[in-house]
Amino acid sequence: MRDITLDDIESLAVGAWILGTGGGGNPYLSLLNMRQLYRDGHRVQLMPASDLADDDQVAVVAGVGAPLVGLERLTDSRTIARAVEVMEAHIGHRFAAIMGVEIGGGNGVRPLMAAALLGRPVIDADTMGRAYPEAQMTSVAIGDLRPWPLAAVDVRGLEAIVDRVPNWTWMERIARKICVEYGSVAATCQAPRSGAEVKQWAIHGTTTKAIAIGRAVRAAQRTHDDPIAAILSVEPGKLLYKGKVVDVERRTTEGYLRGRVHFDGVDDWRSSAMEISFQNEWIVAWRDQEPIAMTPDLICVLDSVSGEAVGTDTIRYGQRVTVIALPPPDVFLSEKGLRHVGPRAFGYDIDFRSVFA
């Protein structure tokens, strides 16, 4: 285990927002929670999955719902910690550690919030390696691991357990309905994972990766270097486009944030237009009406000056952005993985073609 410093957490918030591909919740409120927790004397340790015993129980946590609502209803570390406690009471076991469902956005920081209050280590892994909007879009779902039970709690004291479902799709449907009734945002502790399951099916090293990305961006900002180049120096990504936001279509429906953003090109892309569709996260990017990037490749929309991520909930008219792609975890590139997270899983009649092919 190693201690996570507050500077690590500052970098984690930046890096997780980039890996969130527009979703996972804006990390700013989660970062404010961590600053307060550290001021109050709480600390968090990061633990590699390899240090788990096979029979250890690991809590898998996330905030779920529409990112735009998450900006309006303030993040509270006690709520995500309560989701873990509700699950412990339900299964009758104490969790040895806490792990995030996704490394993206605010959900990359939320496991630390619960861990700080409960005194548990955080596993350096997650089940997405990015952010996705639905429960079946995880490595553990691809591995056919058990999707239940799930605990969902609310800041007002609402607490629910989904004890059993037939499959991951049903878990997404039921949990999403609960989330909508809560007001389109909830804290969850999802199906507990054994140490053996985490070691076999989790995507490892993602917290460390997010910290490294964030550290590179922050260093470039301090020295007035190009932060986009800094990201591409630590990750094998590809520059796709530079442009200006000219229109945003955005709506919150069924617990998701859906819509499209239109860009006009600048610099080398001046004569080219881009459109990106999203469901919480950026899903498919079209350049001059041709699809050029799509899930599971990570589509990252970044502020051209700061290098920090621009979320689907915060993007606005007139912003100057740079669009890059990052490679996805291998588990999503299999035939089964693409059925879970490829463009057709989001309703697009497009065969997946990687920008890294």
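These remarks concern the structure in this document.

Conventions and cut-offs
Residues numbered from 1 in each chain as written. Predicted model: local features only at pLDDT ≥ 70, side-chain atom pairs only at ≥ 80, totals over all residues. Heavy atoms only, no water. Helix = DSSP H or I, 4+ residues; strand = E, 2+ residues; numbered from the N terminus. Rg over C-alpha atoms; globule rule 2.2 N^0.38 Å. Buried < 20%, exposed > 50% of the residue type's maximum accessible area, 1.4 Å probe, protein only. Contact = heavy atoms within 4.5 Å. Areas by Shrake-Rupley, 256 points an atom, 1.4 Å probe, with all protein chains shown as cover. 1 Å grid on protein atoms, 1.4 Å probe; cavity = no way out; pocket = protein on both sides within 12 Å on 5 of 7 lines; lining within 4 Å. Points joined across faces, edges and corners; volume = space filled by probe spheres on them. Nonpolar A, V, L, I, M, F, W, Y, C, P; charged D, E, K, R; others polar. Polar contact = N/O pair within 3.5 Å; in protein donor to acceptor, adjacent residues only side chain to side chain. Disulfide = S-S within 2.5 Å. Core = buried A, V, L, I, M, F, W, Y, C linked by side-chain atoms within 4.5 Å. Pairing = 2+ DSSP bridges. Salt bridge = Lys/Arg side-chain N within 4 Å of Asp/Glu carboxyl O. Phe/Tyr/Trp six-rings, centres within 6.5 Å; stacked < 30°, edge-to-face > 60°. Lys NZ or Arg CZ within 6 Å of the ring centre and 35° of its normal. Axes fitted to C-alpha atoms, helices over the stretch in contact; angles between N-to-C directions. Parallel < 35°, antiparallel > 145°, perpendicular 65-115°, else oblique. Expected span 1.5 Å × (residues − 1).

**Concerning the overall build of the chain**
- Within the chain, the regular secondary structure consists of eleven helices and 17 strands.
- In terms of overall size, the chain behaves like a compact globule, its C-alpha atoms giving a radius of gyration of 19 Å where 357 residues would be expected to give roughly 21 Å.
- Over its C-alpha atoms, taken along the principal directions, the chain stretches across nearly 60 × 45 × 35 Å.
- Counting the 357 residues in the chain, one finds 61% classified as buried.
- Taking the contacts inside the chain whose residues are at least 6 apart along the sequence as the reference set, 74% of them involve residues at least 24 apart.
- Element-wise, carbon and sulfur atoms account for 48% of the exposed surface of the chain, whose accessible area totals about 14,200 Å².

**Concerning empty space enclosed by the protein**
- Considering all chains together, one arrives at four cavities of 30 Å³ or more under this definition.
- It is helix α7 (residues 168–182) that contributes the most residues to the lining of the largest cavity, five residues altogether.
- For the lining of the largest cavity, the class distribution of residues is 17 nonpolar, 13 polar and six charged.

**Concerning the side chain of Q190**
- Along the chain, Q190 falls in strand β9 (residues 185–194).
- A polar atom in the side chain of Q190 sits 3.2 Å from the side chain of T188.
- Contacts of Q190, omitting those with residues within four sequence positions, involve V60, A62, V64, M87, V101, P149 and L150.

**Things to note about the state of the cysteines**
- Per the stated rule, a full pass over the model turns up zero disulfides.
- Not part of a disulfide, C189 finds its nearest cysteine sulfur in C179, a span of 16 Å.
- We classify C189 as buried; its relative accessible area is 0%.

**Details of the environment of A62**
- Among the secondary structure elements, A62 is positioned in strand β3 (residues 57–65).
- Separated by 159 residues in sequence, A62 and Q221 have C-alpha atoms that sit 30 Å apart.
- Ignoring sequence-local partners within four residues, the contact set of A62 consists of I80, V101, N107, A186, A187, T188 and Q190.

**Observations regarding the nonpolar core**
- Membership of the largest hydrophobic core comes to 50 residues, with the highest contact counts inside it found for I18, M34, V44 and C189.
- With eight residues, the top contributor of residues to this core is helix α1 (residues 6–19).
- What V44 contacts, discounting residues up to four positions off in sequence, is R2, D3, I4, M34, Y38, L112, A115, A116 and V122.

**Focus: the pairing of strand β2 (residues 44–47)**
- As judged from the three bridges shared by strand β1 (residues 2–4) and β2, these two strands associate in the antiparallel manner. If you follow I4 over to β2, its bridge partner there is V44.

**Observations regarding the pattern of salt bridges**
- Throughout the structure, instances matching the rule amount to 19 salt bridges.
- Across the salt bridge formed by R215 and D8, the nearest N and O atoms sit 2.9 Å from each other. One end of the pair, R215, is in helix α9 (residues 206–223); the other, D8, is in helix α1, and 207 residues separate them in sequence.
- A salt bridge links R193 to E197; its shortest N-O distance comes to 3.1 Å.
- Under the relative-accessibility criterion, R193 is labelled buried at 3%.
- Classification of E197 by relative accessible area gives partly exposed; the value is 23%.
- By sharing partners, the salt bridges in this structure join R2, D8 and R215 into a single network.

**Details of the packing of aromatic side chains**
- Scanning all chains against the criterion turns up five aromatic pairs.
- Taken together, the aromatic side chains of Y132, F332 and F346 make up a single cluster linked through ring pairs.
- Here the guanidinium or amino end of R130 rests over the ring plane of Y132, the centre of that ring lying 4.0 Å away.
- Here the guanidinium or amino end of R164 rests over the ring plane of W148, the centre of that ring lying 4.0 Å away.

**Observations regarding the side chain of E235**
- Tracing the sequence through the fold places E235 in the loop between α10 (227–234) and β11 (238–253).
- Dropping the residues within four chain positions of it, E235 is found in contact with K209, I213 and L326.

**Thoughts on the packing of α1 against helix α2 (residues 28–39)**
- Between α1 and α2, whose axes approach to 10 Å, the crossing angle comes to 175°. Between α1 and α2, the angle is such that the two are roughly antiparallel. On the side of α1, the interface is formed by L6, I9, E10 and A13, while α2 contributes L31, M34, R35 and Y38.
- Of the residues that constitute the contact of α1 with α2, the class distribution is six nonpolar, no polar and two charged.

**A look at helix α4 (residues 77–91)**
- For α4, built from 15 residues, the straight-helix expectation of 21 Å at 1.5 Å per residue is met to within 8% by its first-to-last C-alpha distance of 22 Å.
- Considered for burial, the residues of α4 that qualify are S77, T79, I80, A81, A83, V84, V86, M87 and E88.
- Where α4 begins, the capping side chain belongs to D76, and its oxygen is found 3.1 Å from the backbone nitrogen of R78.

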